[in-house]
Amino acid sequence: ILEKILPGGLHHKKAVRNELAVHQGPCVVAHPRVDARDEAARRNLEQMGNVSFASLQGQSGDGVYFSANGDNYDASRLLMLDLIRKFQVRGDFVAMVPNRDTLIITGSEDESGLAVMIKAAEDSFDKPRPISTIALRLEGDDWESWLPDPSSPHYAKFHELKVRTIGMEYND
């Protein structure tokens, strides 16, 4: 089953399977009960051909990855877990999809990568087709809502971005 992420980590079951890889669909996450249609959506993304990610590498070899395809399916590439797991990040995989043309991935323990993610999310508010500035952490095969530890220098900004997304949801 694919579910749309709602503010506060809530999930809303919605028939988005076909939108995912065919249209400019909403941000979705794979849930434990992945069925054949969900797998087909992932394969459709892979079959689209040349998937590229721009990388900003840190000194230790880990970094920040931006989906750089410009085909309106960047957000949907959250389903491409095999590809994402090849990225070198410090800590857990953290992703954000501020709009349909932006997918950012970094590590939960990469302070400079998290700062870049915040900046990209803030810049996205002026772009069309917003999705969410709620950070997601990969846990097993699922993306779940995430905030850094409250002692992190980035906690306040990530919390602000989350609240801003919640506000946008309630304004619609």
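Caption draft 1: Spotlight on the side chain of Asn99. Following the sequence through the fold, Asn99 ends up in strand β6 (residues 93-99). Judged by relative accessible area, which is 1%, Asn99 ranks as buried. Here the side chain of Asn99 touches Thr102 through a polar contact of 2.9 Å, side chain to side chain.

Caption draft 2: Here's a closer look at helix α5 (residues 155-171). Between its first and last C-alpha atoms α5 spans 24 Å; for 17 residues at 1.5 Å apiece the expected length is 24 Å, and the two agree. Among all positions of α5, only Phe158, Leu161, Lys162 and Thr165 are buried. Along the axis of α5, the buried residues cluster in a sector spanning 100°; they form a single face. Facing away from the buried side of α5 by more than 90 degrees, the exposed set consists of Ala156, Tyr170 and Asn171. Of the surrounding elements, those touching the buried residues of α5 are β6, α4 (111-124) and β9 (142-145).

Caption draft 3: Spatial organisation of unusual backbone geometry. In the Ramachandran plot, Asn72 falls in the positive-phi region, its phi being about 75° despite a non-glycine side chain. Structurally, Asn72 can be placed in the loop between β5 (63-67) and α3 (81-84). Overall, the relative accessible area of 24% leaves Asn72 in the partly exposed class. The backbone of Arg129 sits at a positive phi, close to 60°, despite the residue not being glycine. Following the sequence through the fold, Arg129 ends up in the loop between α4 and β8 (136-139).

Caption draft 4: Region of interest: the pairing of β8. Burial along β8 is one-sided: Leu136 and Leu138 are buried, and none of Arg137 and Glu139, which face the opposite way, are. Bridging between β6 and β8 involves two bridges; their strand directions are antiparallel. Within β8, the position partnered with Ala95 by the bridge is Leu136. Relative to β9, β8 is paired through four bridges, and the arrangement is antiparallel. By the bridge assignment, Arg137 is partnered in β9 with Glu144.

Cut-off values and rules
- Residues numbered from 1 in each chain as written.
- Predicted model: local features only at pLDDT ≥ 70, side-chain atom pairs only at ≥ 80, totals over all residues.
- Heavy atoms only, no water.
- Helix = DSSP H or I, 4+ residues; strand = E, 2+ residues; numbered from the N terminus.
- Buried < 20%, exposed > 50% of the residue type's maximum accessible area, 1.4 Å probe, protein only.
- Polar contact = N/O pair within 3.5 Å; in protein donor to acceptor, adjacent residues only side chain to side chain.
- Expected span 1.5 Å × (residues − 1).
- Arc of directions from axis to C-beta.
- Contact = heavy atoms within 4.5 Å.
- Pairing = 2+ DSSP bridges.

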